[in-house]
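Chain by chain, the residues:
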Amino acid sequence: MKSDFPLRTCDANLNRLKEGIRVVEDILRYELNSSLAFKLKNLRHKCKVPNYEEIIKHRDSINDILKKSTKSEQNRKNLKDIIISNLKRAEESSRVLEEIYKLYDISIAENFKSIRYELYSLEKEILDLINV
């Protein structure tokens, strides 16, 4: 691996991606009894990288300069707000990982691209479900 490979960026975005998916997955599973939770679970399990242990070594969550929540992050009106914000978080993180992994392994980058596009499709299905 190149010495300038952005390992902390990968760590933060991999966590953000999986956490965002998990929040929506749990709401669909426990609150809405929706089988879409299975799709999200399967998608979350695709969020893997071969250099995970290397990434963890560079984690520095204590010194993260943006770890404090913004006002908008602290305010959610309902489950729909939570679902939308977490889907967007996951989509954005998959895009970051797609771009970063182009420096390392194009097949991993393509995996994150496919995750992102699957999230776009699921977002539509989930919003159709909750807007009924």
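Above this note sits the structure.
The rules behind these values
Residues numbered from 1 in each chain as written. Predicted model: local features only at pLDDT ≥ 70, side-chain atom pairs only at ≥ 80, totals over all residues. Heavy atoms only, no water. Helix = DSSP H or I, 4+ residues; strand = E, 2+ residues; numbered from the N terminus. Rg over C-alpha atoms; globule rule 2.2 N^0.38 Å. Buried < 20%, exposed > 50% of the residue type's maximum accessible area, 1.4 Å probe, protein only. Contact = heavy atoms within 4.5 Å. Areas by Shrake-Rupley, 256 points an atom, 1.4 Å probe, with all protein chains shown as cover. Lys, Arg positive; Asp, Glu negative; His and termini not counted. Charge placed at Lys NZ, Arg CZ, Asp CG, Glu CD.

Novice: Tell me about the overall build of the chain, and name the residues and values.
Specialist: When its secondary structure is counted, the chain shows six helices and zero strands. Taken from the N to the C terminus, the helices and strands of the chain come in the order α-α-α-α-α-α. The globule rule puts the C-alpha radius of gyration for 132 residues at 14 Å, and the 15 Å found for the chain is close to it. With the C-alpha coordinates aligned to their principal axes, the bounding extent of the chain is approximately 50 × 35 × 20 Å. Classification of the 132 residues of the chain by burial places 33% in the buried group. Of all intrachain contacts in the chain linking residues separated by at least 6 positions in sequence, the fraction that spans at least 24 positions is 77%. Accessible surface, the chain as shown: approximately 8,500 Å² in total, 50% of it carbon and sulfur. Seen as two clouds, the 26 positive and the 22 negative side-chain charges of the chain have centres 2 Å apart.

Novice: A description of unusual backbone geometry should follow, citing residues and the corresponding values.
Specialist: In this structure, Asn-33 is a non-glycine residue whose phi angle is positive, near 50°. Within the element layout of this structure, Asn-33 appears in the loop between helix 1 (7-31) and helix 2 (36-44).

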